[in-house]
Amino acid sequence: MNLIPIKRALLSVSDKRDLIPFARALEEMGTEIISTGGTAQALQKAGIRVTPIEQITGLPEMMDCRLKTLHPVIHGGLLAKRDMPTHMAALEKLGGAPIDLVCVNLYPFEQTIMQDNISSAEAIEQIDIGGPTIVRSAAKNFDAVAVITSPEQYDFVVNELSSNDGQTTLELRRRLAAAAFTRTAQYDTAISGWMSEVSPKPMPETLRIAYTLEQTLRYGENPHQKAALYIDSSAPEPGVVSAQSRHGKPLSYNNMLDASAALEVVRDLHSVNPDVAVAAVVKHTNPCGAAIASQGTVAIERAYACDS
């Protein structure tokens, strides 16, 4: 299992949901917590003992917090291979010590660019540099370091630590590292996409797309095939993939295609008649009925009557 005790942890988060109970659980396990800026203030306010990162680096946060974690003593503590004496000697020479767990979620770049009237300068300030660098350092050295990139992982990690006397398993660290590299890839893809949109070139040189698994579908195009639904979390408008199922059995791949086709018909008709209700009936992605009316129920009845 290659168990590693969590003696030191670095916490630096933009999304502070459930931060306090997670940090308190680490503290109760005897973990020293290192933290930065607003995260450190939130932890201290909650009565949790914190070592400010400037005490570790010997340097204050600077350039409006653009520079705070990019320091050899931090990345040395993450990247040092514990079984290599030369690595550990170099870390000791820096005056550093191993960091066993990192909890970092990145600046909210994706959420920022979805807001109306956001300037380029505002978007650029939400491009995280130190966060992804720390995440990648920790994930590369998953043999010894656990890396957490989302509040949704807190409960799972705490349960794993509790089951292993405050230690992480190699399986857990590898799993978290894979999720961490996925997160940094998504983040860079969002930045790349935004940069391409604001570029004077009409088309990007390279198109990179990142989607997140939303659900496994009942079956694929045919009953013997598997299928899954992936979503673009930065999509600007609602769609079938973000809709809630109110009735009936789970949807299949074909059901999703039909629903998406029906929504396209409704949107087209609604764009021409924005003050009316619109309904569409679709079979095998082809409309077999569509109607408009002053009320939604009437539009549905008329669409159905096209080919009852």
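Treat the numbers as computed from the prediction; the structure is a model and nothing was measured.

Cut-offs applied
Along each chain, residue indices are assigned from 1 in the same order as the chain's sequence is written. Confidence filtering applies because this is a predicted model: local features only for residues at pLDDT of at least 70, side-chain atom pairs given and counted only at 80 or more, and all residues used for totals across whole chains, interfaces and linings. The side-chain figures draw on all heavy atoms in the structure; neither hydrogens nor water molecules are used. Helix and strand definitions here come from DSSP, where helices need a minimum of 4 consecutive H or I residues and strands a minimum of 2 consecutive E residues; each element is numbered from the N-terminal end. Restricting the calculation to C-alpha atoms gives the radius of gyration, and the globule rule supplies 2.2 Å times the number of residues raised to the power 0.38. Think of it in three bands: residues with accessible area under 20% of the maximum for their type are buried, residues over 50% are exposed, and the middle band is partly exposed, with areas taken using a 1.4 Å probe on protein chains only. Residue contacts are counted whenever heavy atoms from the two residues lie within 4.5 Å of one another. Charged residues are defined narrowly, with Lys and Arg counted positive, Asp and Glu counted negative, and His plus the chain ends left uncounted. One atom stands in for each charge, and that atom is NZ of Lys, CZ of Arg, CG of Asp or CD of Glu. Just to be clear on terms, a salt bridge is a Lys or Arg side-chain nitrogen sitting within 4 Å of an Asp or Glu carboxyl oxygen. Here, a strand pair is defined by DSSP locating no fewer than two bridges between the strands. Note on aromatic pairs: the rings of Phe, Tyr and Trp (six-membered ring only in Trp) are paired at centre separations within 6.5 Å, and the planes decide the class, stacked below 30 degrees, edge-to-face beyond 60, tilted for the rest. In this analysis, axes come from line fits to C-alpha atoms, helices being fitted only over the stretch in contact, and the angle between any two N-to-C directions falls in the range 0 to 180 degrees. By definition in this entry, angles of less than 35 degrees are roughly parallel, angles greater than 145 are roughly antiparallel, angles of 65 to 115 are roughly perpendicular, and the rest are oblique. The nonpolar class holds Ala, Val, Leu, Ile, Met, Phe, Trp, Tyr, Cys and Pro. Asp, Glu, Lys and Arg form the charged class, and all remaining residues, Gly among them, are polar. As used here, the term nonpolar core means buried Ala, Val, Leu, Ile, Met, Phe, Trp, Tyr and Cys residues forming a set that is joined through side-chain atoms within 4.5 Å.

## Looking at the overall build of the chain
Scanning the chain from N- to C-terminus turns up twelve helices and eleven strands. Taken over C-alpha atoms, the radius of gyration comes to 25 Å for the chain, far larger than the 19 Å a tight globule of 308 residues would show. If you line up the chain on its principal axes, its C-alpha atoms span 80 × 45 × 40 Å. By the burial criterion, 36% of the 308 residues in the chain qualify as buried. The contacts of the chain with a sequence gap of at least 6 include a subset with a gap of at least 24, amounting to 54%. When the 27 basic and 35 acidic side-chain charges of the chain are each reduced to a single mean position, those positions are 5 Å apart.

## What to know about the pattern of salt bridges
Tallying each qualifying case throughout the model produces six salt bridges. Salt-bridge contacts for Glu152 lead to Arg17; the nearest nitrogen and oxygen are separated by 3.1 Å. With Glu152 in the loop between β6 (146-148) and α9 (154-163) and Arg17 in the loop between β2 (8-13) and α1 (19-28), this residue pair connects regions lying 135 residues apart in the sequence. Taking the relative accessible area as the measure of exposure, Arg17 reaches 42% and is therefore partly exposed.

## Topic: the pairing of strand β10 (residues 277-283)
The pairing of β10 with strand β11 (residues 286-293) spans seven bridges and is antiparallel. Paired with Val278 across the two strands is Ile292, which belongs to β11. The antiparallel pairing of β10 with β11 creates a hairpin that spans two residues between the two strands, and His284 there sits at a positive phi of about 55°.

## Quick notes on the packing of aromatic side chains
To describe a pair of aromatic rings, you give the distance between the ring centres and the angle between the ring planes. Summed over the entire model, instances satisfying the criterion amount to three aromatic pairs. Ring centres 6.4 Å apart and planes at 70° place the aromatic pair Phe109 and Tyr187 in the edge-to-face group. Note that Phe109 is positioned in helix α6 (residues 109-113) and Tyr187 in helix α10 (residues 170-198), a separation of 78 residues in sequence. Residue classification places Phe109 among the buried residues on the basis of a relative accessible area of 0%. Where Phe109 meets Trp194, the ring centres are 5.8 Å apart and the plane angle is 80°; that geometry is what we call edge-to-face. Of this pair, Phe109 sits in helix α6 while Trp194 sits in helix α10; the two residues are 85 residues apart in sequence, bridging distant segments of the chain. Exposure class is identical for Phe109 and Trp194. Each is buried. Each residue in the set Phe109, Tyr187 and Trp194 is aromatic and connected to the rest through ring pairs, giving one cluster.

## Some details on the environment of Leu229
Looking at where Leu229 falls in the secondary structure, it is placed in strand β9 (residues 228-231). Considering only alpha carbons, one finds Leu229 and Val241, twelve residues apart in sequence, at a separation of 7.5 Å. Those residues in contact with Leu229, other than ones at most four positions away along the chain, are Thr212, Leu213, Glu214, Gln215, Leu217, Val241 and Met256.

## Focus: the packing of α1 against helix α2 (residues 37-45)
When two helices pack together, their arrangement is captured by the angle between the axes and the distance separating the axes. Running from N to C, α1 and α2 cross one another at 75°; their axes reach a closest spacing of 10 Å. It follows that α1 is roughly perpendicular to α2 by the angle criterion. Mapping the contact onto sequence places Leu19, Ile20 and Ala23 in α1 and Thr39, Ala42 and Leu43 in α2. A breakdown of the residues in the contact of α1 with α2 according to their chemical character gives five nonpolar, one polar and no charged.

## Section: the nonpolar core
Counting residues in hydrophobic clusters, the biggest one holds 27 residues, and the most contacted among them are Leu10, Ile74, Leu78, Val102, Phe109, Ile134 and Val147. Of all elements in the fold, only α4 (72-79), β5 (101-105), α8 (130-140) and α10 reach the threshold of two or more residues within this core. Of all the elements, α10 adds the most residues to this core, at six residues. With residues up to four places along the chain from it excluded, the contact list for Val102 reads Leu10, Leu78, Ile134, Ala138, Ala146, Val147 and Ile148. Among the nonpolar cores identified, the runner-up in size contains 24 residues, and Leu101, Tyr154, Val157 and Leu161 belong to it.

## Describing the sheet that holds β5
As summarised here, the arrangement of the five strands in space is β4-β3-β2-β5-β6, forming an open sheet in which the pairing is parallel. At either margin of the open sheet sits one strand with a lone partner, and together these are β4 (51-52) and β6. Across the sheet, α1 lies against β2, β3 (32-35), β5 and β6, angled at about 170° from β2, the strand it touches most.

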